[in-house]
Amino acid sequence: MATRKVRYKKLSVKTPLPVLREDQIDPSEYESLTNEGHIATGVESAEENEYHLQGILRGAGVAADKEIPVPPPQESSLSYDDLYSQKASQTCTYIRFSQTVEECIGCMYDMTEEDEAFLKSYNLKRAPSAQLSDDDFEKIMEVFEDTAYVRAPFAAVDQTIVSYDEMLHGLHELDKSKVMPHAKDIYEHWKTRRQAVGNRPLHAMLKFEMHQESDDMDPYVCFRRREVRQTRKTRARDVQSADKLKRLRKELEEGRQLVLASHNRELLKAEMLKIDRAIFEQRAQLKEHKIRLGIKTDDEDLINQKPQKRKAPEAPSVQRPPPPSHIRVPVRPNGQPTEADLTLLADKLAEKENELRVDIEKKVQNHSDWNRNHVDLTRGPLSPVHGPRPDLSFRPAKTQYLMTPPASASSEPEEPTPMDLDKPQNPQPVFKFRGVAQDHKMENPPLYRRRIGRLNRLWIDRRGLPSPPSPPRESADGSADVFDRASDRWKYDNSSDDEEDAPILIRPFR
Amino acid sequence: MSGGGANGEAAVGSDGPRQKGKATPDTLKVGCIAWVIKDGEPRRAEILSIKETKSGRQFYCNFDNFNKRLDEWVPVARIDFEKDVEWPNPDKDKQKENKSKKSSSVPKKSQPSKKAQKKVAVSKREQSVASEEQTPHPWTEFVESQTPKTAGAGEDLDSKVNASLEIGGTPGVGPDEMELDEDEIPADAAKKQREERAPSFSREDEIEKLRTSGSMTQNPAEISRIRNISKVEFGRHVLFPWYFSPYPEAFSQEDQIFICEFCLSYYGDLKSFVRHRNKCTLQHPPGNEIYRDDFVSFFEIDGRRQRTWCRNLCLLSKMFLDHKTLYYDVDPFLFYVMTTRDDRGCHLIGYFSKEKESTDGYNVACILTLPQYQRKGYGRLLIQFSYELSKIEGKLGSPEKPLSDLGLLSYRQYWSENIVDYLLTFSEKEEKCTIEGIASYLAMTTQDVEHTLQALRMQVYHKGEHKIVIPDKLIKQREKSKLKQKRLIDADRIQWKPPVFTASSRTWGW
């Protein structure tokens, strides 16, 4: 090692260094300048001096021809095509996959050569139809192994042998007709095999930790669990946890309210169905009587008159659950079928108790309704004006025929939550027409404009719609205006039950 | 120290002078050091195990200064009984015992405060690079310099060991000082370091390190030293393992084991393996593909979600990685697996594992190209990919130490090629560059950059100024390797976001 005459300045990583080629510096100087000190390699000290490694390192990274010898791999003599016969299909996108190995394998027991010999001789004694297939054999063995593992996890130590009767439970889950005739015989085979290996699992297993003392030095023990890190207990953390618990409790309470409310709704529904049925039966009787007595009037009393009107007052009152005084989550007016099913089932168990409670609940709610039947959904009473207002002039509405309703139509009808209303949203108006377009008597196409009113409500104003040929009906404001009727027609044309509460409100213009 | 090469200091059996004498095949026992023919040359070799085979007695030899992967079973004929055999020291075991006992008591004794303890751990980690200075058996010096081997000297020795251990336990040398050391390194400093640090590397410390840092590397002295599996059928290839791997103990009796190429399940029995192949539906690593070009694909696999697969992968790779430890489970790691595609699926080429959260800023824990794919440039792709991920994360990364010999060479090659390429752009423009600049451009740590510059003798101190000089032979070599048209990772094809883990997943063991 050369002794240093100069002491360097310390090299900082931020120092700008000139970059030279070797020919730009005096070669004799360069030789003496290069740092010959030992360089940390990052290799374990015991191995750093290894013969082959040093041979290469001495070339200072330029000895590409030298190699460290390793035991060379060979081509396998097994037939790859037989073992890996399954063809893989190429995907065009990157693969996304989350199944585990166990899920990909299926039956976890794999027959050994010993099993195969046994099964062969076993099947020899039987008619071809009564033979046991390899797959079923493995399924049975898997049940035995699994049950043994669960019932006697320390079988290797205490030598318990799980009895056949205990295995039955697992066997019953298999295809009984195929399995049961053989199970008892296979059990004997399993038992002898188990005993041959000291009552250990038949498949070789990794060694996991058993006793802290003996395990530590055993190189076969692997994949120990790591100790869970201690979290420090602080006041802030306690407060946090308390808050979490409170919130959880509150949410559970809300959920309970929701269940009660929907239970109530279902009861009312059932009642309505009963009444409907009674009406139907009464009418049937009435009809019979009419025929018998020969009364000839129009059949108006046999059908529901004014279906629209009837629907309007009835449907909401029946379907709407009690006002959401306790409930934060807005309730959908038409309860989702799955939810309804679930609640019904759940409540049947506690029906009597609930009926009582519902009564009390109702009274409480009625009272609280008085005080706060007004729910302010916005954060500020007045909605802010958003930027430049959308184009206020009327634009011609172009009709387009959609093959399928656009995706937004199905996701849209959910009642907006307060959060949604806060956000500026501009749903794209899409006109859906059923059937063929109206006659083109009008020269001008219908026009519309969109504007945003208070509370961010979206208004669609229209003009120039063709007059419908439908019979006149009474309209809300009594006027027989053409456009009025047209708009009403639109309304019912377009509205399914879901869309009644959509934020798109239609209002006659002009 | 770079001089300690081929025939340098003996690594095998350097724990003090040994008794020498003639031996016969029958008297030769485990622990003896004999001269054995390896590749036509006589070499010192330690006998690690003896077995009787049909063709006679065989000895498992570890050759002096050869990597363990070249250990082998040799017949009597290859052992030179003309030369003296070195007998194992009877009190060697006792020493070892003492050592581990003492070191276990040290952490308890020196427990001034939690903070100080933490400091110890940190500085220990930082030392890991520098600790390569150690010789394998650091207590040699005491033995050689002071004590002739007598029974009475034993106690004296113990107290010395103890004393030096306590030095090792104190926070000692900080990282700043370290850098200085490297500049003026010299043998003295190295010796000092050796004395101070070496003994602190005990089993307890190591396990503590595993617990706290989630490391996947292990102290070589404690790994079972004898290969337990001789032959592995894997896909189209037969592999000959290099090191011990904790597969089920029963497998060490098998001539060969079978490993499924896709789910990596292991079988000692051919029939079981064939049956398994009938059922296994996996055709690619069970995770999400995050990179694909026309040559390779990368999959990201979470150790916690795919525990079986990742354990299998670790067992497989342990056969080829000496310093990998399977002491703890795979939960805190992500595995990035490189595959080639063909009509049967995605075949495993290699992988690297990465801590979900590395306190030491490592971007690779273990890295392996399977032997049948080695020397084909795949290792470079793995390394490049690990740095591409670091670039996306916006972090500087470095592989966890210790590196293996092959790992060091691969990394050095990758580092030097990329640094030279980058520096050439500076030398053309005649601009200055900083080490930090190189580091952030390549997502390498500044230590690794400095290390590479020094190893390639590019960093010089000339006329009161640090400079970088690019040697001509490196430029030439780079031009040559560029002609070979190496494959590269195309960073644009990576579809990956750094996975985010919450504090609670950290607390509850990932």
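Residues numbered from 1 in each chain as written. Chains lettered and ligands numbered in written order. Predicted model: local features only at pLDDT ≥ 70, side-chain atom pairs only at ≥ 80, totals over all residues.

Enquirer: Before we move on, can you summarise the overall build of chain B with the specific residues and values?
Expert: When helices and strands are tallied, chain B shows 15 helices and 21 strands. Evaluated residue by residue, chain B yields a buried proportion of 44% over its 510 residues. Taking all contacts inside chain B whose residues are at least 6 apart in sequence as the whole, residues at least 24 apart take part in 61%. (Helix = DSSP H or I, 4+ residues; strand = E, 2+ residues; numbered from the N terminus. Buried ≥ 20, exposed ≤ 12 C-beta atoms within 10 Å, placed from the backbone. Contact = placed C-beta atoms within 7 Å.)

Enquirer: Can you tell me about the overall build of chain A, naming the residues and giving the values?
Expert: Each helix and strand in chain A was counted, giving 18 helices and six strands. Scored against the burial criterion, the 510 residues of chain A give a buried share of 13%. Considering only contacts in chain A between residues 6 or more positions apart, those separated by 24 or more positions represent 63%.

Enquirer: Before we move on, could you go through the pairing of strand 4 (residues 56-63) of chain B and cite the residues and values that matter?
Expert: Residues and elements named next belong to chain B. The pairing of strand 3 (residues 41-53) with strand 4 spans eight bridges and is antiparallel. Directly across from isoleucine 47, in strand 4, lies its bridge partner cysteine 61. Here strand 3 hands over to strand 4 after two residues, the two strands then running antiparallel side by side. As defined by bridge partners, strand 4 adjoins strand 5 (residues 72-75) across four bridges and the pair is classed as antiparallel. (Pairing = 2+ DSSP bridges.)

Enquirer: So what's going on with the sheet that holds strand 14 (residues 333-342) of chain B? Which residues, and what values?
Expert: Where strands meet in a sheet, backbone hydrogen bonds hold them as pairs that are either parallel or antiparallel. All names here are of chain B. Taken in spatial order, the five strands of this open sheet run 12-13-14-15-17, and their pairing is antiparallel. One side of each edge strand has no neighbouring strand; the edge strands of this open sheet are strand 12 (288-292) and strand 17 (367-369). Sheet twist, expressed as the mean angle between neighbouring strand axes with direction ignored, is 25°. Here strand 14 runs beside strand 15 (residues 345-355); their pairing, made up of 10 bridges, is antiparallel. Pairing of methionine 338 across the sheet is with glycine 350, part of strand 15. The strands that helix 10 (residues 378-393) touches are strand 13 (296-302), strand 14, strand 15 and strand 17; relative to strand 15, the one it contacts most, it runs at about 45°. (Axes fitted to C-alpha atoms, helices over the stretch in contact; angles between N-to-C directions.)

Enquirer: Explain the packing of helix 7 (residues 134-151) of chain A against helix 10 (residues 176-196) of chain A to me, and be specific about the residues and the numbers.
Expert: Residue and element names in this part refer to chain A. In contact at an axis separation of 10 Å, helix 7 and helix 10 are set at 60° when each is read in the N-to-C sense. For the element pair helix 7 / helix 10, the angle class is oblique. Where helix 7 crosses over helix 10, the two elements pack in a sense that is right-handed. Contacts between helix 7 and helix 10 pair Asp136, Phe137, Lys139, Ile140, Met141 and Phe144 from the former with Lys178, Val179, His182, Ala183, Ile186, Tyr187 and Trp190 from the latter. (Parallel < 35°, antiparallel > 145°, perpendicular 65-115°, else oblique. Left-handed = near helix turned anticlockwise from the far one by under 90°.)

Enquirer: Account for the interface of chain B and chain A, naming residues and giving values.
Expert: Contact residues are listed per partner, giving 126 residues for chain B and 93 residues for chain A. The leading source of residues in the side of chain B that touches chain A is helix 11 (residues 405-429) of chain B, at nine residues. Its residues assigned to classes, the side of chain B that touches chain A comprises 54 nonpolar, 38 polar and 34 charged. Across two bridges, the pairing between strand 1 (residues 17-21) of chain A and strand 19 (residues 432-433) of chain B is antiparallel. Bridging across to strand 19 of chain B, leucine 17 of chain A finds its partner in cysteine 433 of chain B. (Nonpolar A, V, L, I, M, F, W, Y, C, P; charged D, E, K, R; others polar.)

Enquirer: Break down helix 8 (residues 270-279) of chain B for me, citing the residues and quoting the values.
Expert: Along helix 8 of chain B, the residues classified as buried are Ser272, Phe273, Arg275, His276 and Arg277 of chain B. Residues of helix 8 of chain B that are buried make contact with helix 4 (80-83) of chain A together with strand 10 (257-259) and strand 11 (266-267) of chain B.

Enquirer: Describe the packing of helix 11 of chain B against helix 13 (residues 446-455) of chain B, and please don't skip the residues or the numbers.
Expert: Residue and element names in this part refer to chain B. At a closest axis distance of 10 Å, the pairing of helix 11 and helix 13 adopts a crossing angle of 85°. Between helix 11 and helix 13, the crossing angle belongs to the class labelled roughly perpendicular. Every residue of helix 13 that contacts helix 11 at Arg412, Trp415, Ser416 and Ile419 is listed here: Asp448, Val449, Thr452 and Ala455. Of the residues contributing to the contact of helix 11 with helix 13, the split by class is four nonpolar, two polar and two charged.

Enquirer: Account for the nonpolar core, with residues named and values stated.
Expert: With 102 residues, the main nonpolar core has Ile259, Phe298, Phe335, Val337 and Met338 of chain B as its most contacted residues. Looking at this core, the element that brings in the most residues is helix 11 of chain B, giving eight residues. Met111, Leu171, Ile186 and Trp190 of chain A belong to the second largest nonpolar core, which has 15 residues in total. (Core = buried A, V, L, I, M, F, W, Y, C linked by C-beta atoms within 7 Å.)

Enquirer: Go over the UniProt feature "active site" (unreviewed entry) in chain B, please, and point to the residues and values.
Expert: Residue and element names in this part refer to chain B. Within the UniProt annotation, "active site" (unreviewed entry) is assigned to Glu400. Considering the arrangement of structural elements, one finds glutamate 400 in the loop between strand 18 (398-399) and helix 11. For glutamate 400, a count of 26 C-beta atoms within 10 Å translates into the label buried. (UniProt positions renumbered as here; feature names shortened; annotations may be inferred.)

Enquirer: Could you give me a rundown of the confidence of the model for chain B, with the residues and numbers involved?
Expert: Residues and elements named next belong to chain B. On average, residues of chain B score 76 in pLDDT, and 71% of them reach the 70 mark or higher. Low pLDDT, under 50, characterises residues 92-200; the predicted model gives this stretch 108 contacts beyond four residues in sequence or across chains. For the stretch residues 213-223, pLDDT sits under 50, and the model shows 34 contacts to residues farther than four places along the chain or on other chains. This complex was scored by the predictor with a pTM of 0.64 and an ipTM of 0.71. (pLDDT = per-residue confidence, 0-100.)

Enquirer: Break down the sheet that holds strand 8 (residues 232-234) of chain B for me, citing the residues and quoting the values.
Expert: If you walk across this open sheet you meet the five strands as 2(A)-9(B)-8(B)-10(B)-11(B), and the pairing is mixed. The open sheet has two free edges, formed respectively by strand 2 (74-75) of chain A together with strand 11 of chain B, since each of these has just one partner strand.

Enquirer: Give a description of the environment of valine 364 of chain B that names residues and reports values.
Expert: Following the sequence through the fold, valine 364 of chain B ends up in strand 16 (residues 362-364). If near-sequence neighbours (up to four positions away) are discounted, valine 364 of chain B is found in contact with Phe352, Lys354, Ser386, Pro399 and Glu400 of chain B.

Enquirer: Which residues make up the environment of isoleucine 105 of chain A, and what values do they have?
Expert: Assignment of secondary structure puts isoleucine 105 of chain A in helix 5 (residues 101-105). The contact partners of isoleucine 105 of chain A, leaving out residues within four places of it in the chain, are Cys263, Lys279 and Cys280 of chain B.

Enquirer: Run through the pairing of strand 4 (residues 447-452) of chain A, naming residues and quoting values.
Expert: All names here are of chain A. Looking at chain direction, strand 3 (residues 395-396) and strand 4 are connected through two bridges and run antiparallel. Each residue of the ladder has a partner; that of proline 396, found in strand 4, is leucine 447. Where strand 4 meets strand 5 (residues 458-463), six bridges bridge the pair, whose relative direction is antiparallel. Along strand 5, the bridge assignment pairs arginine 450 with isoleucine 460. Between strand 4 and the antiparallel strand that follows it, strand 5, lie five residues; leucine 455 among them carries a positive phi value of about 60°.

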